[in-house]
Amino acid sequence: MTATPAALSVAEAGRSLAVPATYADEDRLHAALTLLREQAPVHRVEAPGYTPFWAVTRHADILDIERDHALWRNAPRPVLRTAALDAALEARRAKGGALATLVHLDGRRHRELRAIGADWFRPKAMRELRARVRELAARYVTVMAEHGGACDFARDVAVHYPLYVILSLLGLPESDFPRMLSLTQQLFGQDDADTGRGSGTPVDHTSVLEDLFAYFHDLTARRRATPTGDLASEIANARVDGRHLDDNTVASYYIIIATAGHDTTSSTIAGGLDALIRHPAELRRLRADPGLLTSAAEEMIRWVSPVKSFMRTASADTQVRGTPIGEGESVLLVYPSANRDEDVFPHPFRFDAGRDPNRHLAFGSGVHYCLGAALARMEIQELFAELLPRLTRVEPDGEPARTATTFVGGLKRLPIRYSLS
């Protein structure tokens, strides 16, 4: 695919970033982003129902903002939400029941909480987890074989495999996995008719949070009464300044691990296979040279950019690319745009399994760099290492479909026909 600016004005392109349906239409999304990069890389967006924000679409500017965590703060607006949802969550926060994940925090509090789970994602832990990941990868290639040559790869494989990995790491029973799948999809896919609980209203969002909090409050009580040596036990029994974390903070920690560790990777795996189908020469290249799998996984991550954006708020008057940004104003860091930036990536709309270097920003940068990046890379590599040697034929079997979302998402349907050896 090559993105060329469609018949959009800069203002229309900016407003489209606040429309969930834009992210379900790759051509429209990248046409808007290409236009913004070329004509207004720092653009003020005034979209109906949203507090105004600045869209930042160039790789260099996003990188600079993420690295200056003293100036650019995650709180109080870490993700793009409607003004109504911002107000509803602020009211919930005032009552002590709001999310307080690593995404929402800055400074010392962020460092203290990040340290609790950090060891579980370091190289030693990844080596110990690899056997389980490999086992699950083999299981889901077997699932494909059992489907008899046709399946919806997004629904039947990609959505389940990383969920099983991350919930195994937490130590949750497999009997709870379907419930967690439903809740995570409702949380991130609240604006999508297929995955949301309702219409994306504040009531819908907070009702999903209430269900997640209830589940994880119970889990905390059980892990404090009987630790079981898993990540859930580590989080439940962690202490900061000699005290257990409060219930909301513990539940928030579980939620970010369970949700961010699932939806992002499932989107990348489905989008990665779709990219190989659409670029058959790269599929043949990768099957002929499995040594390219590491770089191919990075290219899949760049290509899909499953996290569409995060936000930062200026703690002082500043400027980005010469554009003044006032204290208290927020910027939207648009990762699919950074990862197609022509200044950084030669032929950015070409999927290149051997792309090197590949300085994508899909995992962010600086102190908020994705905690689970190494796990995501391992999951992607292990699944395709299991699948590609057996995949002798693959082709579309209908139209793929993407989730309507302004935050995290990708393919929700990928019907394919295939032969496995």
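Just above sits the structure.
A quick note: this is a predicted structure, and the numbers were derived from the prediction, not measured. (Residues numbered from 1 in each chain as written. Predicted model: local features only at pLDDT ≥ 70, side-chain atom pairs only at ≥ 80, totals over all residues. Heavy atoms only, no water.)

Draft legend 1. Seen up close, the sheet that holds strand β11 (residues 391-396). Spatially, the three strands line up as an open sheet ordered β4-β14-β11, and their pairing is antiparallel. Where the open sheet ends on each side, the last strands, each with one partner, are β4 (150-152) and β11. Each adjacent strand pair in this sheet contributes to an overall mean axis angle of 30°, direction not counted. Of the strands in this sheet, β11 and β14 (415-420) touch helix α12 (residues 247-278), which is tilted by about 90° from β11. (Pairing = 2+ DSSP bridges. Helix = DSSP H or I, 4+ residues; strand = E, 2+ residues; numbered from the N terminus. Axes fitted to C-alpha atoms, helices over the stretch in contact; angles between N-to-C directions. Contact = heavy atoms within 4.5 Å.)

Draft legend 2. Structural view of empty space enclosed by the protein. Evaluation of the coordinates by the stated rule reveals two cavities of 30 Å³ or more. Here the largest cavity is characterised by a volume of approximately 120 Å³. Residue lining of the largest cavity: 13 residues in total, with E26, V304, R402, G410 and L411 positioned closest to the centre. Contributing elements (two or more residues each) for the lining of the largest cavity: α12 and α14 (293-304). Quantified by volume, the second largest cavity comes out at close to 30 Å³. Lining the second largest cavity are E26, L29, H30, W303, V304, S305, K308, P336 and R340. Breaking the lining of the second largest cavity down by element, the ones donating at least two residues are α2 (26-39) and α14. Tallying contributions element by element places α2 first for the lining of the second largest cavity, with three residues. Of the residues contributing to the lining of the second largest cavity, the split by class is four nonpolar, two polar and three charged. (1 Å grid on protein atoms, 1.4 Å probe; cavity = no way out; pocket = protein on both sides within 12 Å on 5 of 7 lines; lining within 4 Å. Points joined across faces, edges and corners; volume = space filled by probe spheres on them. Nonpolar A, V, L, I, M, F, W, Y, C, P; charged D, E, K, R; others polar.)

Draft legend 3. Structural view of the pattern of salt bridges. Summed over all chains, the structure comprises 33 salt bridges. Where R58 meets D343, a salt bridge forms, and the shortest distance between an N and an O atom there is 3.4 Å. Of the two residues, R58 is situated in the loop between β2 (53-56) and α3 (59-67) and D343 in the loop between α15 (335-338) and α16 (373-387); the sequence distance between them amounts to 285 residues. Residue E112 pairs with R109 through a salt bridge whose shortest N-O separation is 3.9 Å. (Salt bridge = Lys/Arg side-chain N within 4 Å of Asp/Glu carboxyl O.)

Draft legend 4. Expanded view of the packing of aromatic side chains. Evaluation of the coordinates by the stated rule reveals nine aromatic pairs. Connected via pairs of aromatic rings, a cluster forms that spans Y140, Y161, Y164 and F177. Positioned above the aromatic ring of F345 is the side chain of R302, whose terminal nitrogen or guanidinium carbon lies 5.2 Å from the ring centre. (Phe/Tyr/Trp six-rings, centres within 6.5 Å; stacked < 30°, edge-to-face > 60°. Lys NZ or Arg CZ within 6 Å of the ring centre and 35° of its normal.)

Draft legend 5. How the structure looks around the environment of E174. Here E174 shows up in the loop between α8 (161-170) and α9 (177-188). Here E174 falls in the partly exposed class, since its relative accessible area comes to 35%. On a C-alpha basis, the gap between E174 and H30 in space is 39 Å, while along the polypeptide they are 144 residues apart. Contact partners of E174, with chain neighbours within four places excluded, come to R132, R139 and Y164. (Buried < 20%, exposed > 50% of the residue type's maximum accessible area, 1.4 Å probe, protein only.)

Draft legend 6. Quick look at the sheet that holds β2. Pairing in this open sheet of five strands is mixed, and the strands run β1-β2-β10-β7-β3 from one edge to the other. Sheet topology places β1 (42-45) and β3 (72-73) at the edges, where each strand pairs with a single neighbour. Pairing analysis gives five bridges linking strand β7 (residues 309-314) to strand β10 (residues 330-334), with the strands arranged antiparallel. If you follow M311 over to β10, its bridge partner there is L332.

Draft legend 7. Local environment of α16. Its 15 residues give α16 an end-to-end C-alpha distance of 21 Å, which sits within 8% of 21 Å, the value for a rise of 1.5 Å per residue. The buried fraction of α16 is high, at eleven of 15 residues. Of all the residues in α16, the buried ones are A373, L375, A376, M378, E379, I380, Q381, E382, L383, F384 and L387. (Expected span 1.5 Å × (residues − 1).)

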